[in-house]
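Examining the three-dimensional arrangement
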Amino acid sequence: TCPLYKSAGMLRNIIAFYTLATAAVERTGSSGGLGGGDKITFNQIKAELGDLMYKVSTQKFQDPADGEETLRKYFSDLNVEISDAFAQLTE
């Protein structure tokens, strides 16, 4: 079984990625792009953030035997990485 803190950390990151991806697509789609730039599409997100998508999909393989604090830090660091990546993408 998966400890609750691990499930919550994984879900938090999945939701963060989905929310930021959807917001980026909607924001650039409705305004014709940020700062006159091109629209951001889900294909562009997949191409530019593929490594990050891989990290989100493989976080389930983190071993609870590593300890709660270690996993909480891993999930927190990944959440910051997700936020930073989307901030760079939408600049």
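Residues numbered from 1 in each chain as written. Predicted model: local features only at pLDDT ≥ 70, side-chain atom pairs only at ≥ 80, totals over all residues. Heavy atoms only, no water.

**As for the overall build of the chain**
A tally of regular secondary structure across the chain gives 4 helices and 0 strands. Projected onto the principal axes, the alpha-carbon positions of the chain cover approximately 50 × 20 × 15 Å. Relative to its 91 residues, the chain shows a buried fraction of 32%. Long-range contacts, defined here as pairs at least 24 residues apart, represent 69% of the contacts in the chain between residues at least 6 apart. Of the roughly 5,900 Å² of accessible surface on the chain, a fraction of 55% belongs to carbon and sulfur atoms. Side-chain charges in the chain split into 9 positive and 12 negative, and the spacing between the mean points of these groups amounts to 5 Å. (Helix = DSSP H or I, 4+ residues; strand = E, 2+ residues; numbered from the N terminus. Buried < 20%, exposed > 50% of the residue type's maximum accessible area, 1.4 Å probe, protein only. Contact = heavy atoms within 4.5 Å. Areas by Shrake-Rupley, 256 points an atom, 1.4 Å probe, with all protein chains shown as cover. Lys, Arg positive; Asp, Glu negative; His and termini not counted. Charge placed at Lys NZ, Arg CZ, Asp CG, Glu CD.)

**Considering the packing of aromatic side chains**
Taken as a whole and assessed by the stated rule, the structure comprises 2 aromatic pairs. Plain terms: the ring middles of phenylalanine 17 and phenylalanine 86 are 5.1 Å apart, the flat faces sit at 75 degrees to each other, and that makes the pair edge-to-face. Of the two residues, phenylalanine 17 is situated in helix H1 (residues 4-31) and phenylalanine 86 in helix H4 (residues 68-89); the sequence distance between them amounts to 69 residues. The exposure classification of phenylalanine 17 matches that of phenylalanine 86, with both residues buried. For the ring pair tyrosine 74 and phenylalanine 75, a centre distance of 5.6 Å and an interplane angle of 75 degrees mean the geometry is edge-to-face. Judged by its relative accessible area of 4%, phenylalanine 75 falls in the buried class. (Phe/Tyr/Trp six-rings, centres within 6.5 Å; stacked < 30°, edge-to-face > 60°.)

**Re the nonpolar core**
Core analysis: the biggest nonpolar cluster contains 15 residues, and Phe17, Ile45, Leu49, Leu52, Ile82, Phe86 and Leu89 have the highest contact counts within it. At the level of elements, H1, helix H3 (50-58) and H4 are the ones that each hand at least two residues to this core. Ignoring any residue separated from it by four or fewer positions in sequence, one finds isoleucine 82 in contact with Asn13, Ala16, Phe17, Leu20, Leu52 and Val56. (Core = buried A, V, L, I, M, F, W, Y, C linked by side-chain atoms within 4.5 Å.)

**Regarding the environment of valine 25**
Looking at the element boundaries, valine 25 is found in helix H1. A sequence separation of 18 residues divides valine 25 from asparagine 43, and the C-alpha atoms of the two residues are 10 Å apart. With residues near it in sequence (within four places) discarded, valine 25 still touches Ile40, Thr41, Phe42 and Ile45.

**Re the pattern of salt bridges**
Inspection of the entire model under this criterion finds 3 salt bridges. The salt bridge partner of lysine 55 is glutamate 81, with a shortest N-O separation of 2.9 Å. Taken together, the residues lysine 55 in helix H3 and glutamate 81 in helix H4 connect sequence positions 26 residues apart. Lysine 55 gets classed as partly exposed once you look at its relative accessible area, which sits at 33%. Relative accessible area serves as the criterion here: at 32%, glutamate 81 is assigned to the partly exposed category. A salt bridge links arginine 72 to glutamate 68, with the nearest nitrogen and oxygen atoms 2.7 Å apart. Placement of the pair is arginine 72 and glutamate 68 together in helix H4, with a separation of 4 residues, close to one helical turn. With relative accessibility at 37%, the residue glutamate 68 sits in the partly exposed group. (Salt bridge = Lys/Arg side-chain N within 4 Å of Asp/Glu carboxyl O.)

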